[in-house]
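Examination of the molecular architecture
Here's the letter readout for the chains.
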Amino acid sequence: MTDSSSLRGRLLRRLALLLALILLVSSLSAYWSARHAADTAYDRTLLASARAIADGLYTTAERLNANVPYVALDTFAYDSAGRIYYQVLDVQGALVSGYEDLPPAPAGTKRTEDYPALARFYDAEFRNQGVRVVSLLQPVSEPGVNGVAEIRVAETQGARERMARELLLGTLLRMGVLSLSALLLVWLAVSAALRPLETLRRRVAARTSDDLQPLSAVGMPRELRPLIDALNQFNDRLHNLFERQSQFIADASHELRTPLAALKARVELGLRAQEPAVWRSTLEEAAHNTDKLTHLANQLLSLARIESGARAIAEGGAQRLDLSQLARELGMALAPLAHARGIALALEAEQPVWVSGEPTLLNELLCNLLDNALAHTPSGGNVILRVLPSAVLEVEDDGPGIPAEAHERVFARFYRHSNKGAGAGLGLAIVGEICRAHQADISLHQAQPHGLLVRVAFAAGEACVKG
Amino acid sequence: MLEAMIARPGRVMSKEQLAAQVFGLDEEASSDAIEIYVHRLRKKLEGGGVKIVTFRGLGYLLEALSD
């Protein structure tokens, strides 16, 4: 649950990092303020010791003497970690009493402002240990001795450090407990917040495969609504797709049933006849009707194939194709048929025009358009296949054309503009579906002076790329 | 050239295909040259049993006349 895809893990890691940072900063500041508190407390007793020594100064025979009271050095007796050193210097700076090598205050040490005394506090090194020193200047005005005596009292840092350490440890412990409980709380809160997601997951998983009811957003947190909406939209699209497919199957069975019924009636009629000539004509008509049925079945197959082709394109399976080459190959293949029907077929393609698409689908598209044009052009007419550099494909005939008001309807499945053709009304539906799969725009236009011009414009971004 | 067209009866031959048959693959053949050849061939075939049909942009087809 700490992998990078887990919301909870991500949240906890970030929070832990932040808490660690806060812990570090506050520990530093806690240590610093603990040291300050210890310094303040211990400095006061240090100054008291120096004052006690100053009180014991006396003069004999014009010489300064120090009577160091035991209590002055006993101030720290309760604390075994601390050791006290002292030094008394007379007005000339000569040692009167105590340790002679106690270090003097570094130059520039300011006198303390916390106490009404000429005292300076400083840190120094004495006998290989860190010491805190107070230097107290004591004015002396006795017969024969006039000036300022200096009293230094030093104390090892051990006690202060121990005090600071204890303060710090206490702070750290409290902060650590606080951080851990914060993390625990976040863990619980995130788990509680993610529960609706789990509920949603269970609800989706529990559905039967054909249950496409929209998911209810009632009782779901506002943050999950967009996800539910998106799921429902996806559901809707699936629903529409299923509807379209079952509608198609219904239409297809209807289309197949009518010619089959006609075929059966014709065959039964023929069976009742006695003359061989009637049998023959019956068989001929049956063969013709079977051709039409085969054609219809092939077109239904094509439509089914487009679905998988469209899926292949959507999954990145499109290829780079030369439209001109495609048009030339198909034109050459269909030219003899056109000639047999007395139609002049021509190709106008100056240069390679590259588009990305699925080759069998594009071939199917072109084949259907040409078939349509050839079927609706009378003998002596013209059909022109045109490939324009702007990735536009045109098929133009000079047949009767289709009136503008019917242009939309011809793409519907099983729509027939005229009853004289042999088709089932699937040709242009197939073309429309292939265009949709290629995101190409198809439009019908009136050719001049008469006839139909079908224009298929492929996505411009995919064209013009030479390679 | 006639041979090339007879070899593929009922099929449309493009200028490029004809040029490859007539001149071989090595030589650079212009489509104008093919047009001239077709023109001459068509004249020679006049009155015969076959004729050459032109498909603009596509190529040529050798067709047997039925009568």
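Just so it is clear, the structure is predicted and the values come from calculations on it, not from any experiment.

1. A few points about the overall build of chain B
- Along the backbone of chain B there are three helices and two strands.
- If you list the helices and strands of chain B from N to C, you get α-α-α-β-β.
- Looking at chain B as a whole, 22% of its 67 residues are labelled buried.
- Contacts in chain B between residues far apart in sequence, at least 24 positions, make up 33% of those at least 6 positions apart.

2. Focus on the interface of chain A and chain B
- Chain A puts eleven residues into the contact, and the matching count from chain B is eleven residues.
- Looking at the side of chain A that touches chain B, the elements that each hand over two or more residues are α6 (323-340) and β9 (344-349) of chain A.
- The greatest single-element share of the side of chain A that touches chain B, amounting to six residues, is contributed by α6 of chain A.
- Partitioned by chemical class, the residues of the side of chain A that touches chain B number seven nonpolar, two polar and two charged.

3. Concerning the pairing of strand β6 (residues 129-142) of chain A
Residue and element names in this part refer to chain A.
- Two elements, strand β5 (residues 119-126) and β6, share eight bridges in a ladder whose sense is antiparallel. Residue alanine 124 lies in a different strand from β6, and its bridge partner there is valine 131.
- The turn linking β5 back onto β6 is made up of two residues, and arginine 127 within it adopts a positive phi angle of 50 degrees.
- One ladder, built from twelve bridges, connects β6 with strand β7 (residues 145-156); its direction is antiparallel. By the bridge assignment, arginine 132 is partnered in β7 with glutamate 155.
- What sits between β6 and β7 in their antiparallel hairpin is a turn of two residues, with glycine 144 showing a positive phi close to 90 degrees.

4. Quick look at the packing of helix α1 (residues 7-55) of chain A against helix α3 (residues 158-205) of chain A
Residues and elements named next belong to chain A.
- Where α1 contacts α3, the two axes come as close as 8 Å, and the packing angle between them is 160 degrees. Here α1 lies roughly antiparallel to α3, going by the angle between them. The crossing of α1 and α3 is right-handed.
- Each residue belonging to the contact of α1 with α3 can be placed in one class, and the counts come to 26 nonpolar, five polar and four charged.

5. Thoughts on unusual backbone geometry
Residues and elements named next belong to chain A.
- Omega for the bond connecting glutamine 448 with proline 449 falls within 30 degrees of zero, at -5 degrees, which places this linkage in the cis form.
- You can see proline 449 is positioned in the loop between β13 (441-446) and β14 (452-457).
- With a phi angle near 50 degrees, arginine 127 is a residue other than glycine that sits in the positive phi range.
- Mapping arginine 127 onto the fold places it in the loop between β5 and β6.

6. A short note on the sheet that holds β14 of chain A
All names here are of chain A.
- Ordered in space as β9-β11-β12-β14-β13, the five strands form an open sheet in which the pairing is mixed. In this open sheet, the two edge strands, each paired with only one partner strand, are β9 and β13. Neighbour-to-neighbour, the strand axes of the sheet open up by a mean angle of 15 degrees, direction not taken into account.
- Pairing of β9 with strand β11 (residues 382-388), which is carried by six bridges, proceeds in the parallel orientation. Within β11, the residue paired with leucine 347 across the bridge is leucine 385.

7. Quick notes on the nonpolar core
- With 53 residues, the main nonpolar core has Ala327, Ala335, Leu345, Leu369 and Leu370 of chain A together with Val12 of chain B as its most contacted residues.
- Among the elements that make up this core, the one with the highest residue count is helix α7 (residues 359-376) of chain A (eight residues).
- Excluding its chain neighbours within four sequence positions, the residues that come into contact with leucine 370 of chain A are Leu330, Leu334, Leu385 and Val395 of chain A.
- In this structure, Ala38, Tyr42, Val88 and Ala154 of chain A belong to the second largest nonpolar core, which totals 27 residues.

8. Quick notes on helix α3 (residues 31-45) of chain B
- An ideal rise of 1.5 Å per residue puts 21 Å on 15 residues; α3 of chain B measures up with 21 Å between its terminal C-alpha atoms.
- With its phi angle positive at about 85 degrees, glycine 47 of chain B sits one or two positions after the end of α3 of chain B.

9. Quick look at the environment of aspartate 441 of chain A
- Position of aspartate 441 of chain A relative to the elements: it lies in strand β13.
- In sequence terms aspartate 441 of chain A and arginine 455 of chain A are 14 residues apart; their C-alpha atoms lie 8.0 Å from each other.

Parameters at a glance
- Residues numbered from 1 in each chain as written.
- Chains lettered and ligands numbered in written order.
- Predicted model: local features only at pLDDT ≥ 70, side-chain atom pairs only at ≥ 80, totals over all residues.
- Helix = DSSP H or I, 4+ residues; strand = E, 2+ residues; numbered from the N terminus.
- Buried ≥ 20, exposed ≤ 12 C-beta atoms within 10 Å, placed from the backbone.
- Contact = placed C-beta atoms within 7 Å.
- Nonpolar A, V, L, I, M, F, W, Y, C, P; charged D, E, K, R; others polar.
- Pairing = 2+ DSSP bridges.
- Axes fitted to C-alpha atoms, helices over the stretch in contact; angles between N-to-C directions.
- Parallel < 35°, antiparallel > 145°, perpendicular 65-115°, else oblique.
- Left-handed = near helix turned anticlockwise from the far one by under 90°.
- Core = buried A, V, L, I, M, F, W, Y, C linked by C-beta atoms within 7 Å.
- Expected span 1.5 Å × (residues − 1).

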